[in-house]
Every structure is written in C-alpha cells, then in structure tokens.
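# Survey of secondary and tertiary structure
Each chain is listed here by its residues.
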Amino acid sequence: RTPASGPNGPPSLPALPLIGSLLSLRSPHPPHVLFKELQGKYGQTYSLMMGSHCVIIVNHHIHAKEVLLKKGKIFAGRSRSVTTDVLSRDGKDIAFGDYSATWRFHRKIVHGALCMFGEGSASIEKIICAEATSLCSVLSEACAAGLALDLSPELTRAVTNVICSLCFSSSENLQTMLQFYSIVRFLAMAYLPKIISLSQIFPNADLRLLKQCVSVRDKLLQKQYDKHKAAYSDHVQRDLLDALLRAKCSAENNNTAEINAESVGLTDDHLLMTVGDIFGAGVETTTTVMKWAITYLIHYPQIQSRIQEELDSRVGMDRSPKLSDRGSLPYLEATIREVLRIRPVAPLFIPHVALSDTSIGDFTVKRGTRVIINLWSLHHDEKEWENPELFDPGRFLNSEGTGLVIPSSSYLPFGAGVRVCLGEALAKMELFLFLSWILQRFTLTVPPCLEGKFGVVLLPVLYNVNATPRSGWEKNAHV
Ligand code: HEM
Ligand code: PLO
C-alpha cells in the first residue's frame, strides 16, 4: 500500500478516511511525547493524516535544520485552521500568516521596531527593571507579612506591563487584559492538540468561547489603535504601534511607487493582528518560562544557591543586576538555557507548510504538506544529551565552569531561519533581569513550613492543596 505521503515519502501511520490517523494517536501522553515515542515504530521522520491533510513529524535535528534553514523558504508556509482564523482574522498576522510579501513586510517592521528599543537610551532595559522593582517589592511585602505568595499573577502582570509599554507605551486596561489572557491562554495553548482532534471537522462550544475572548481582545486593541491614530505624528515614534502606523502612512503617501498600503497589506486588520501577536506571544511565552524556571529552582535549591553565590561575587549587594552583567553571570545564563531545553515553551513550534514539491533527507515531500518539528524530541534526544531528563545547567558550561557552550546542535528553543522567533532578544533580556533581581534578593522555597506562625494559637502555614480522588472514589468522593 502506498503511504499517504507518496511512494517515496516517509513511513506513514495507518489512516482512515475523514478521521485520518486519529485512532493511532489515542494516548494518555501529550502529543509531543507521543510523537517522540512513535519514532520507535516508524523512525525519526514519519507522516500521518490529520483529517485529509498529510502531516510530517520531524524528530531529529538534521532533518529539522534542513526544514528550517537549508530549505527555510520552501517550508516557510503556514496552514489555516478554524482556530487560527479566529485568532488572526484569517491569517492577517505574522505567526499564523502564510509566507507572502505582506508577511515579510510586517516581520521587517516589527523586527526593526524591537531593535530600535534596544539601542541608545536602552529603554527596554529601563522598562523591564521598573517591573522587576515592583515584582520584588510585592515579594518583600508578602515576606514581611509571613505569607506564601501565588507568583503566577505577579509574573503575568510584570510581563504584560513590559509588552504594554513596548506596544502602546501605556499599561492602561491592564485588569481586563489580564482577565482575558487567562482564558485565551487556556484556549490558545490547546489549539495544536485540537487541530489533531475532530474539532476541525465539527467546530464545538470551545470555538464560541474563543470567539468571545478574541472579541474582548480586539476591542482593547482597537481602542489603543484609535488613540494612536488620533495622536499620530511623523516625528515621534513612541512604541511599536507608532512604528506600524508610520509604515502605513508612508505607504499611503507613496502613490507612485509599487508599494502602496493595500498591496503590501498594511490594512487596519493587519496592523491590529500584528500587535495582537506580539502581545499574545510576548505574554504567554515569557511568563511560562519564568514559572518553569522558578519551579526548577525550588526543586533544586543547590542550583539556586550557586546562582546566588555568583550574583554575590559579581554584582554584590550595593546595586541591582544590569544587562551588561550577562557576560559575568554564566551560571545564571546556563540555567536559563537549561530551562528552555528541558521544558521548551513551544514543543511543536507552529506547523510549517511546504510551498512547493521538495524533500526532507531522502523522502519526497508534496506541496502543501504540513511539517511539525518536534522540539521535544530534539531536546530530549538520548544520543545528544547525557541523561536528558536531568535538570543540569552545568551541561551549558565549559569544563572550567567559566564560559558558556552549546553542547549539541540539537538545541533550538526559538526555532531558526525564516520563521525564527521575533521576540528572542526581548525574552532573554526579561528572563535574565527578572531572575537575577529576584535571586539577588530572595531565596525561593515552598511550604510546607512546619514551624507554623504564632498568633494567639500556633497556626500552620497553609498552601494550595490538590485533592485527587483515590481509585474507587472517583464517582462518590463527594458523599
Ligand atoms: C515564533 C519560541 C518569546 C514572538 C516562535 C517559535 C518558537 C518561539 C519556537 C516558532 C518558530 C517556528 O514556527 O518555526 C519562543 C520562546 C520564547 C518566545 C521559547 C520565550 C522564552 C517571544 C516573545 C515574542 C515572540 C517575547 C514577542 C515579542 C514570536 C512571533 C513568532 C514567534 C511573532 C512567529 C514568527 C513567525 O511565524 O514568523 N517563538 N518565543 N516570542 N515568536 Fe517566540
Ligand atoms: C496567544 C493568544 C493571542 O490572542 C494570539 C496569539 C498570537 C501569537 C501566538 C500566541 C497566541 C501563543 C504563543 C505562540 C504565539 C506565536 C509564537 C508563540 C504560538 C495564540 C509560540 C510559543 O510559539
């Protein structure tokens, strides 16, 4: 039988009409883990059917780099889905937009605007440090009150404020923004597994909820957009939205050139969706990495104290860490790299699409085929990483422990090539500054703290408890 990917295509999972390979994908594991396991049976690169679409799963860095770098332009396409159409008004953004002149133009503007912030006044650093200051003051208030603090909302607030400053130079409406993000995070993060499931064919209730959330987001974005348009001037560029508006205005005034606002896709929708992307990507990813980092530091107190020793000797206690300290804090940098390895935020990237007939290794690939790079497999490859499940920042240090190394080419936390992450530099600055400020001042631990807190009575310090019914009690645990 010819596999769905063609006679010379990669080995295929079995598939049925309509539901594709769904039956072979039933598993208690999340998709990235399942896709890693399936290598045992089908090899490192294999294909499967999602509904009527052929999808190739790439689990090894050599094929991954062929897709992302060597044939980057051929594989730079994106596919549309019900979910991404809702999120991006039919692909009018960067992350879910297909490869086109419009897309290239938007990427260039955003890239330029993000670089501009890094130079001169070094204002990104100032913005992040202001948020680090307030994050640390919340921590110290909780500490003074003897309370354990739920860090999630504080981290989300800090990261959201940074992005708000960059995009709109304002942190107005933050409360609504935060509320809305907690819902969208849940839905948006579920989108990949959902593509694999039947919801593509039978849109369900989740989709209605997603539409509601997106409309809240869009109202917010629209409000900022209108304000910026009203205040627009050719001479001032305060933030990302100003940079986008400037590009739009100069294209509109440029009647003679081939570049006019319509043809390069500088419509209101495109601008709004691009800002929406930077917002979505900027908040979700960095917050998640911060949470993983803190979780690992709590779990490995010896790593936490080694970072603190490094901070004490290189920065001291008289001043706060700066971006220029990055070179002298290799152990902290190595820890951040290791967090991004062991728990990649985007373990399956965003699916790529082949824009023409091509190949991966010896396998032929037909135009329109979707390609999923399984970063989880790359970062947990036993041949590339010694004991890949172990959290060990030391693997990113040279043998003297004084300098940083990348010990394997199987490491791509931000992707590579044409579709490489646009926020890599920003994310690294945030992670470095937030973590260094926190660890300079605090040691993070979790209760249980069996010392208790003395009031009139000796009170135990309670923390969030997860109660899972034991086997046999699932149905009647409430009785
Ligand atoms: C895309 C990782 C933070 C904006 C991506 C991709 C990865 C990634 C793996 C997909 C590449 C692909 O599909 O081939 C990360 C990680 C982050 C992070 C690990 C944090 C540690 C950010 C931030 C921003 C951002 C802070 C915004 C400023 C984007 C955008 C894309 C993207 C716009 C889509 C690029 C495209 O499709 O052309 N990121 N990201 N990311 N990221 Fe990030
Ligand atoms: C988050 C919700 C927003 O409303 C829309 C959006 C845009 C860009 C997406 C982001 C969401 C989720 C995280 C993504 C990002 C692009 C790159 C990033 C997928 C859906 C990652 C981790 O790859």
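Details of the structure are given in the entry above.
Residues numbered from 1 in each chain as written. Chains lettered and ligands numbered in written order. Predicted model: local features only at pLDDT ≥ 70, side-chain atom pairs only at ≥ 80, totals over all residues. Heavy atoms only, no water.

Protein coordination of the iron atom of ligand 1 rests on one atom only, C421 (SG), at 2.3 Å. Looking at the element boundaries, C421 is found in the loop between helix 15 (375–379) and helix 16 (424–441). (Donors = N, O, S within 2.8 Å, 3.2 Å for Na, K, Ca; no water. Helix = DSSP H or I, 4+ residues; strand = E, 2+ residues; numbered from the N terminus.)

Let's shift gears to the packing of aromatic side chains. Under the criterion given, the structure shown has 10 aromatic pairs. Measuring from ring centre to ring centre gives 5.5 Å for F168 and F279, while their planes differ by 25°; the resulting arrangement is stacked. Here the residue F168 occupies a position in helix 7 (residues 151–168), and F279 occupies one in helix 12 (residues 268–299), the gap between them amounting to 111 residues. One exposure class covers both F168 and F279, and it is buried. Plain terms: the ring middles of W292 and Y296 are 6.3 Å apart, the flat faces sit at 35° to each other, and that makes the pair tilted. Of the two residues, W292 and Y296 are both situated in helix 12; the distance of 4 residues between them amounts to about one turn of the helix. Counting every residue linked through ring pairs, the aromatic cluster contains W292, Y296, Y300 and F391. Of note, R341 hangs over the ring of W385, and the distance from its end group to the ring centre comes to 5.2 Å. Its guanidinium or amino end placed over the ring of W292, R343 lies 5.4 Å from that ring's centre, counting from NZ or CZ. (Phe/Tyr/Trp six-rings, centres within 6.5 Å; stacked < 30°, edge-to-face > 60°. Buried < 20%, exposed > 50% of the residue type's maximum accessible area, 1.4 Å probe, protein only. Lys NZ or Arg CZ within 6 Å of the ring centre and 35° of its normal.)

If you check the backbone angles, F349 has positive phi at about 50° while not being a glycine. Secondary-structure assignment places F349 in the loop between helix 14 (330–342) and strand 3 (352–353). Judged by relative accessible area, F349 falls into the buried class, the value being 11%. Positive phi values are uncommon outside glycine, yet N387 reaches one of about 50°. Residue classification places N387 among the partly exposed residues on the basis of a relative accessible area of 49%.

With that settled, the discussion passes to the environment of H270. Mapped onto the secondary structure, H270 falls in helix 12. With relative accessibility at 14%, the residue H270 sits in the buried group. Linking H270 and S88, residues 182 residues apart in sequence, is a C-alpha distance of 8.7 Å. With residues up to four places along the chain from it excluded, the contact list for H270 reads K92, T102, H106 and G265. (Contact = heavy atoms within 4.5 Å.)

Bringing the sheet that holds strand 6 (residues 370–373) into the picture now. Whenever strands of a sheet pair, they do so through backbone hydrogen bonds, lying parallel or antiparallel. Taken in spatial order, the 4 strands of this open sheet run 1-2-6-3, and their pairing is mixed. Every other strand in the sheet has two partners, leaving strand 1 (45–50) and strand 3 as the edge strands with one partner each. Bridging between strand 2 (residues 53–58) and strand 6 involves 4 bridges; their strand directions are parallel. Each residue of the ladder has a partner; that of I56, found in strand 6, is V371. (Pairing = 2+ DSSP bridges.)

Turning to the site of ligand 1, a few remarks are in order. The full set close to ligand 1 counts 26 residues, and R78, R107, H352, R419 and C421 are the nearest of them. Interatomic distance of 2.9 Å between a side-chain N/O atom of R419 and an oxygen atom of ligand 1. Among the elements of the structure, helix 5 (101–118), helix 12 and helix 16 are those that each provide at least two residues to the shell around ligand 1. Among the elements that make up the shell around ligand 1, the one with the highest residue count is helix 12 (6 residues). Here the shell around ligand 1 is built from residues that sort into 17 nonpolar, 6 polar and 3 charged. (Near = heavy atom within 4 Å. Polar contact = N/O pair within 3.5 Å; in protein donor to acceptor, adjacent residues only side chain to side chain. Nonpolar A, V, L, I, M, F, W, Y, C, P; charged D, E, K, R; others polar.)

To continue, consider the packing of helix 6 (residues 123–144) against helix 7. Between helix 6 and helix 7, whose axes approach to 10 Å, the crossing angle comes to 160°. Taken together, helix 6 and helix 7 sit at an angle that is classed as roughly antiparallel. At the point where helix 6 passes helix 7, the crossing takes the right-handed sense. The residues of helix 7 that touch helix 6, namely those facing I124, I127, I128, E131, L135, V138 and L139, are L151, E154, L155, A158, N161, V162, S165 and L166. The class makeup of the residues in the contact of helix 6 with helix 7 is 11 nonpolar, 2 polar and 2 charged. (Axes fitted to C-alpha atoms, helices over the stretch in contact; angles between N-to-C directions. Parallel < 35°, antiparallel > 145°, perpendicular 65-115°, else oblique. Left-handed = near helix turned anticlockwise from the far one by under 90°.)

A few words on the environment of L240. Within the secondary structure, L240 is located in helix 11 (residues 240–253). Relative accessible area serves as the criterion here: at 2%, L240 is assigned to the buried category. In the structure, L240 is positioned 179 residues away from H61 in sequence and 34 Å away in space, judged by C-alpha atoms.

Let us now look at the pairing of strand 2. Burial runs high along strand 2: 5 of the 6 residues are buried. The pairing of strand 1 with strand 2 spans 6 bridges and is antiparallel. Counterpart to M49 in the pairing with strand 2 is C54. Count of turn residues in the strand 1/strand 2 antiparallel hairpin: 2 residues, of which G51 carries a positive phi of about 60°.

What follows covers the pattern of salt bridges. Applying the stated rule across the entire model yields 16 salt bridges. Taking the shortest distance from any N to any O, the salt bridge between E154 and R157 comes out at 3.4 Å. Of this pair, E154 and R157 are both found in helix 7, 3 residues apart, which corresponds to roughly one turn of the helix. Between D268 and K248 there is a salt bridge, with its nearest N and O atoms 3.5 Å apart. (Salt bridge = Lys/Arg side-chain N within 4 Å of Asp/Glu carboxyl O.)

As for its position among the elements, R419 is in the loop between helix 15 and helix 16. Among buried Asp, Glu, Lys and Arg side chains, R419 stands out as unpaired, with D98 the closest opposite charge at 5.0 Å. In this structure the side chain of R419 is engaged in a polar contact, spanning 2.9 Å, whose partner is the backbone oxygen of A76. Looking at R419, its side chain comes within polar contact range of the main-chain oxygen of G97, at 2.6 Å. In contact with R419, other than residues within four places in its own chain, are A76, G77, R78, I94, A95, G97, D98, Y99, W103, R107 and H352. (Lys, Arg positive; Asp, Glu negative; His and termini not counted.)

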